[in-house]
Amino acid sequence: QVQLVESGGGLVQAGDSLRLSCATSGLTVSMYAMAWFRQAPGKARDFVARISRGGVYIYYADSVKGRFTISRDIAKNTVYLQMIGLTAEDTAVYYCAADFQAGRSDANYYQRSAVYDSWGQGTQVTVSS
C-alpha cells in the first residue's frame, strides 16, 4: 500500500523559509517521479515542482522558479520542497504526489494531476504579509 505523508507546513511571515517533507512507504522514490502541487483557498490545484525517477529532469512552475527547490533522499524514501522568500501568494495546502510511469514525453505532462498515481493528504502553509 503506497502512502505519502507530508509534513513541515505552518504559519510563517513573508520572507521566511520552510522545508516540506514527503515521507513515503510502499514505494521506492527512485522508481517514481515525485511532485509537489498546491491549492490555495477557492482555487484549483496547481503544479509546483517535479523530479524524475532518475533525478535528471526537474521542472518548476514559473511562479516558484528560483525560490523553491525539490530534492529527494533515496535512502530515506523522502522527497523535500525547500521554499525560500515566501510571500502571501504561496499560502496553500501543499500536496505530494507520485507517478510510476516511466518515459513520459507528452507536452506539460508533469503539470497534470491525472498522471500521478498516489497523493498525500497535504500540509498547510500560511504566509502572513
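For the structure itself, consult the block above.
Residues numbered from 1 in each chain as written. Predicted model: local features only at pLDDT ≥ 70, side-chain atom pairs only at ≥ 80, totals over all residues. Heavy atoms only, no water.

Draft legend 1. Representation of the overall build of the protein chain within the structure. Each helix and strand counted, the protein chain has zero helices and eleven strands in total. For the protein chain, the α and β elements follow one another from N to C terminus as β-β-β-β-β-β-β-β-β-β-β. Here the C-alpha atoms of the protein chain give a radius of gyration of 14 Å, agreeing with the 14 Å that 2.2 N^0.38 yields for 129 residues. Within the protein chain, the fraction of its 129 residues that count as buried is 42%. (Helix = DSSP H or I, 4+ residues; strand = E, 2+ residues; numbered from the N terminus. Rg over C-alpha atoms; globule rule 2.2 N^0.38 Å. Buried < 20%, exposed > 50% of the residue type's maximum accessible area, 1.4 Å probe, protein only.)

Draft legend 2. Fine view of the side chain of Glu6. By the secondary structure assignment, Glu6 is in strand β1 (residues 3–7). Buried Glu6, no salt bridge; nearest opposite-charge side chain is Arg45, N-O distance 7.8 Å. There is a polar contact of 3.1 Å between the side chain of Glu6 and the backbone nitrogen of Gln121. In this structure the side chain of Glu6 is engaged in a polar contact, spanning 2.9 Å, whose partner is the backbone nitrogen of Gly122. (Lys, Arg positive; Asp, Glu negative; His and termini not counted. Salt bridge = Lys/Arg side-chain N within 4 Å of Asp/Glu carboxyl O. Polar contact = N/O pair within 3.5 Å; in protein donor to acceptor, adjacent residues only side chain to side chain.)

Draft legend 3. Molecular detail of the pattern of salt bridges. All told, the structure shown has five salt bridges when counted by the stated rule. Where Arg38 meets Asp90, a salt bridge forms, and the shortest distance between an N and an O atom there is 2.9 Å. Note that Arg38 is positioned in strand β4 (residues 33–39) and Asp90 in the loop between β8 (78–83) and β9 (92–99), a separation of 52 residues in sequence. One salt bridge connects Asp106 with Arg112, and the closest N-O pair in it is separated by 2.5 Å. Judged by its relative accessible area of 33%, Asp106 is partly exposed. Salt bridges sharing common partners tie together Arg38, Arg67 and Asp90.

Draft legend 4. View of the side chain of Thr123. With respect to the element layout, Thr123 can be found in strand β11 (residues 123–128). Classification of Thr123 as buried rests on a relative accessible area of 11%. Side-chain polar atoms of Thr123 contact the backbone nitrogen of Gly9, separated by 3.2 Å. Leaving out residues up to four positions away in the same chain, Thr123 has contacts with Glu6, Ser7, Gly8, Gly9, Leu20, Ala92, Val93 and Tyr94. (Contact = heavy atoms within 4.5 Å.)

Draft legend 5. Region of interest: the packing of aromatic side chains. Taken as a whole and judged by the stated rule, the model has nine aromatic pairs. Seen from their ring centres, Tyr59 and Tyr110 are 4.2 Å apart, and the 10° between their planes marks the pair as stacked. With Tyr59 in strand β6 (residues 58–60) and Tyr110 in the loop between β9 and β10 (118–119), this pair connects stretches of sequence that are 51 residues apart. Judged by its relative accessible area of 14%, Tyr110 falls in the buried class. Linked through ring pairs, Phe37, Phe47, Tyr59, Tyr109, Tyr110, Tyr116 and Trp119 together constitute an aromatic cluster. Against the face of Tyr95 rests Arg45, its NZ or CZ located 3.9 Å from the ring centre. The aromatic ring of Trp119 is capped on one face by Arg45, whose charged end is 4.8 Å from the ring centroid. (Phe/Tyr/Trp six-rings, centres within 6.5 Å; stacked < 30°, edge-to-face > 60°. Lys NZ or Arg CZ within 6 Å of the ring centre and 35° of its normal.)

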